[in-house]
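So the chains spell out like this:
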Amino acid sequence: MRVLVTGAAGQLGSELVADLARRATGVVHGPPWLIVGLPRAELDVSFRDSVFTAVAGAEPDVIIHPAAWTNVDECEGDADRAFRVNALGTRNVAGAARLVGAHLCYISTDYVFDGRSSRPYNEWDEPNPTSVYGRSKLAGEREAGHEATIVRTAWVCGRNGANMAKTVLGLASRVGTLSFVNDQHGSPTLASDLATKIVDLALARRSGIFHVTNQGSTTWYGFAREVLRLSGHDPERVRPILTKDLYPPRAALRPKWSVLDNAALRLGREELLPPWQDALARLVAELIDG
Ligand SMILES: NC(=O)c1ccc[n+]([C@@H]2O[C@H](COP(=O)([O-])OP(=O)(O)OC[C@H]3O[C@@H](n4cnc5c(N)ncnc54)[C@H](OP(=O)(O)O)[C@@H]3O)[C@@H](O)[C@H]2O)c1
């Protein structure tokens, strides 16, 4: 089994490589695995020739493609860069995958939805992105194509990279009162839980869109309270605010409702990820233990 991972130094990319490495180590019989994790410094997906050269060289069976320009607010100011990386970059990866017959797994986002729903979005709901980032990621889905595995996720937090769990822990030790919005709803998702499910789906060459998040939902206010509680701080130190009261205001419009029904897995009676509180407890323990 030969697997290539783009954006391998990212929050999710690093967990995908770690998950694959664990599986490869467990192989006793059969041919050895080859795991090629390429960080941006080694493969910029926006360069077509580089992508085709890297993929032709590795001859992967499966390509997992989490590489993306993920700075949602900066994307608003530079749509060309967002589409160059997230849309054209995915066209390049998909084209190279076709050339060597590799199965493609593309990672997408809750930001493809406008967030105006009041029930969890399933895989068959109509996307309507309200930000440049969301539009560029939706364009990436279309470039990945119908044969690909497309995993939409949300509110990802892991031990590597910047994320909201680390932000809350950092603030908890410096600031008396923390303010977090209580009008954006989503499902916090642990990068390592997500990586395992993505690898399962990708290696099984499962075509179609899959929503994959930890189960249950909260707001960023509820999330921050839980991080404080889990880290031994007083959750009452968190104050709820509204998105419109954020200062400075954010450039990109966030969906108010980002809850993804993992319907393709649920209706197929497949195992879902554990509740977000369980996942967050594991992450906070790991971050505190260093
Ligand atoms: N984080 C979330 O809450 C969330 C939610 C929904 C979906 N997603 C999706 O999940 C995937 C992984 O996100 P993440 O949280 O792991 O973000 P991340 O830590 O920013 O990882 C993305 C990686 O892609 C790399 N990258 C950027 N431009 C590139 C290019 N032109 N060529 C190759 N690599 C490039 C980045 O490298 P540099 O750091 O060097 O730029 C980074 O290592 C993304 O596709 C994202 O859209 C994330």
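What you are looking at is a predicted structure, and each value in this text was computed from that prediction instead of being measured.

## Some points on helix H6 (residues 164-172)
And then number 1: For H6, the complete set of buried residues consists of Ala-165, Val-168, Leu-169 and Ala-172. Along the axis of H6, the buried positions cluster into a sector of 100°, meaning they face one direction only.
And then number 2: Buried residues along H6 sit in contact with strand S6 (156-157), strand S7 (178-181), helix H8 (220-230) and helix H10 (276-289).
And then number 3: Sitting at the amino-terminal end of H6 is Asn-163, which places a side-chain oxygen 3.1 Å from the backbone nitrogen of Ala-165.

## Some words on the site of the ligand
And then number 1: The ligand sits among 24 residues. The nearest are Leu-12, Asp-44, Thr-70, Tyr-133 and Lys-137.
And then number 2: Within the backbone of Leu-12, an N or O atom sits 2.8 Å from an oxygen atom of the ligand.
And then number 3: The protein chains hide 81% of the 880 Å² of surface that the ligand would expose on its own.
And then number 4: Broken down by secondary-structure element, the contributors of at least two residues to the shell around the ligand are helix H1 (11-25), strand S4 (103-109) and helix H5 (132-144).
And then number 5: Tallying contributions element by element places S4 first for the shell around the ligand, with three residues.
And then number 6: The residue makeup of the shell around the ligand, split by class, is 13 nonpolar, seven polar and four charged.

## Side note on the pattern of salt bridges
And then number 1: Applying the stated criterion to the full structure yields 18 salt bridges.
And then number 2: The salt bridge involving Arg-23 is made with Asp-200; its shortest N-O contact spans 2.9 Å. With Arg-23 in helix H1 and Asp-200 in helix H7 (residues 191-203), the pair connects residues that are 177 residues apart, well separated along the chain.
And then number 3: Owing to a relative accessible area of 36%, Asp-200 belongs among the partly exposed residues under this scheme.
And then number 4: Here Asp-125 and Arg-119 are joined by a salt bridge, their closest N and O atoms 2.9 Å apart.
And then number 5: One continuous salt-bridge network, built from bridges that share partners, spans Asp-19, Arg-22, Arg-23 and Asp-200.

## Let's talk about the packing of aromatic side chains
And then number 1: Per the stated rule, a full pass over the model turns up four aromatic pairs.
And then number 2: Relative to Tyr-133, the ring of Tyr-111 has its centre 5.6 Å away and its plane inclined at 80°; by these criteria the two rings are edge-to-face. Here the residue Tyr-111 occupies a position in the loop between S4 and H5, and Tyr-133 occupies one in helix H5, the gap between them amounting to 22 residues. As far as the burial class goes, Tyr-111 and Tyr-133 line up, both buried.
And then number 3: Their ring planes at 85° and their centres at 5.2 Å tell us that Trp-220 and Phe-223 sit as a pair that is edge-to-face. Of the two residues, Trp-220 and Phe-223 both sit in helix H8, three residues apart, roughly one turn of that helix. For the pair Trp-220 and Phe-223, one class covers both residues: buried.
And then number 4: Linked through ring pairs, Trp-155, Trp-220 and Phe-223 together constitute an aromatic cluster.
And then number 5: The residue whose ring lies beneath Arg-81 is Trp-69, and the NZ or CZ to ring-centre distance is 3.9 Å.

## A word on the packing of H6 against H10
And then number 1: Where H6 contacts H10, the axes come no closer than 11 Å and their chain directions differ by 55°. On the basis of the axis angle, H6 is oblique to H10. For the pair H6 and H10, the crossing hand works out as right-handed. Across the interface between the two elements, Ala-165, Lys-166 and Leu-169 from H6 touch Leu-280, Leu-283 and Leu-287 from H10.
And then number 2: Taken together, the residues of the contact of H6 with H10 sort by class into five nonpolar, no polar and one charged.

## A look at the side chain of Asn-262
And then number 1: Structurally, Asn-262 is set in the loop between strand S12 (238-241) and helix H9 (263-267).
And then number 2: Using a relative accessible area of 2% as the deciding quantity, one classes Asn-262 as buried.
And then number 3: Asn-262 has contacts with Glu-123, His-211, Val-212, Thr-213, Gln-215 and Leu-272, leaving out every residue within four places of it along the chain.

## Quick look at unusual backbone geometry
Only a minority of non-glycine residues have a phi that is not negative, and only a minority of peptide bonds are not trans.
And then number 1: For the bond running from Tyr-247 to Pro-248, omega is -5°, close enough to zero to count as cis.
And then number 2: Inspection of the secondary structure puts Pro-248 in the loop between S12 and H9.
And then number 3: In this structure, Glu-59 takes a positive phi of about 45° despite not being glycine.
And then number 4: For Glu-59, the location among the structural elements is in the loop between helix H2 (48-58) and strand S3 (62-65).
And then number 5: Even without glycine at this site, Trp-155 takes up a positive phi of about 45°.
And then number 6: Note that Trp-155 resides in the loop between strand S5 (149-153) and S6.

## Structural notes on the nonpolar core
One broad rule of soluble globular proteins: the nonpolar side chains tend to lie buried together.
And then number 1: Core analysis: the biggest nonpolar cluster contains 32 residues, and Val-168, Phe-180, Phe-223, Val-227 and Leu-280 have the highest contact counts within it.
And then number 2: Counting residues per element, this core draws most heavily on H8, at six residues.
And then number 3: In contact with Val-227, not counting residues within four places along its chain, are Ala-165, Val-168, Leu-169, Leu-280 and Val-284.
And then number 4: If you look at the next biggest cluster of nonpolar residues, it comprises 29 residues, including Leu-4, Ala-58, Ala-102 and Tyr-133.

Conventions used here
The written sequence of each chain sets the order in which its residues are numbered from 1. Totals for whole chains, interfaces and linings use every residue, but because this is a predicted model, local features are given only for residues with pLDDT of at least 70 and side-chain atom pairs only at 80 or more, for both listing and counting. Heavy atoms throughout the structure, all of them, feed into the side-chain values; hydrogens and water do not. In this scheme, a residue with accessible area under 20% of its type's maximum is buried, one over 50% is exposed, and one in between is partly exposed, where area comes from a 1.4 Å probe on protein chains only. Working definition: helices are DSSP H or I runs of at least four residues, strands are E runs of at least two. Numbering for both runs from the N terminus. Note: the arc covers the axis-to-C-beta directions of the helix. Note on contacts: a residue pair is in contact if any heavy atoms of the two residues lie within 4.5 Å. Each polar contact in these results corresponds to two N or O atoms within 3.5 Å; when the atoms are within protein, one needs to be able to donate a hydrogen and the other to accept it, and residues that are neighboring in sequence are counted only if both atoms are side-chain atoms. Throughout this document, a residue counts as near a molecule or strand when at least one of its heavy atoms sits within 4 Å of that molecule or strand. Note on areas: Shrake-Rupley with a 1.4 Å probe; residue coverage comes only from the protein chains shown. Any residue outside Ala, Val, Leu, Ile, Met, Phe, Trp, Tyr, Cys, Pro, Asp, Glu, Lys and Arg is labelled polar, Gly included; the first ten of those are nonpolar and the last four are charged. Put simply, a salt bridge is a Lys or Arg side-chain nitrogen that is within 4 Å of an Asp or Glu carboxyl oxygen. Paired rings are identified among Phe, Tyr and Trp, the last through its six-membered ring, by centres lying within 6.5 Å, and are further divided according to the angle between planes into stacked (under 30 degrees), edge-to-face (over 60) and tilted (the rest). Only Lys NZ and Arg CZ are tested; either one counts as a charge over a ring when it is within 6 Å of the ring centre and within 35 degrees of the ring normal. Axis angles are defined between N-to-C directions and span 0 to 180 degrees, where every axis is a line fitted to C-alpha atoms and, for a helix, only to the segment in contact. The labels follow the angle: roughly parallel below 35 degrees, roughly antiparallel above 145, roughly perpendicular from 65 to 115, and oblique for the rest. By convention the crossing between two helices is left-handed if the near helix lies anticlockwise of the far one by an angle smaller than a right angle, and right-handed if it lies clockwise. Working definition of a nonpolar core: buried Ala, Val, Leu, Ile, Met, Phe, Trp, Tyr and Cys residues. They are joined through side-chain atoms within 4.5 Å.

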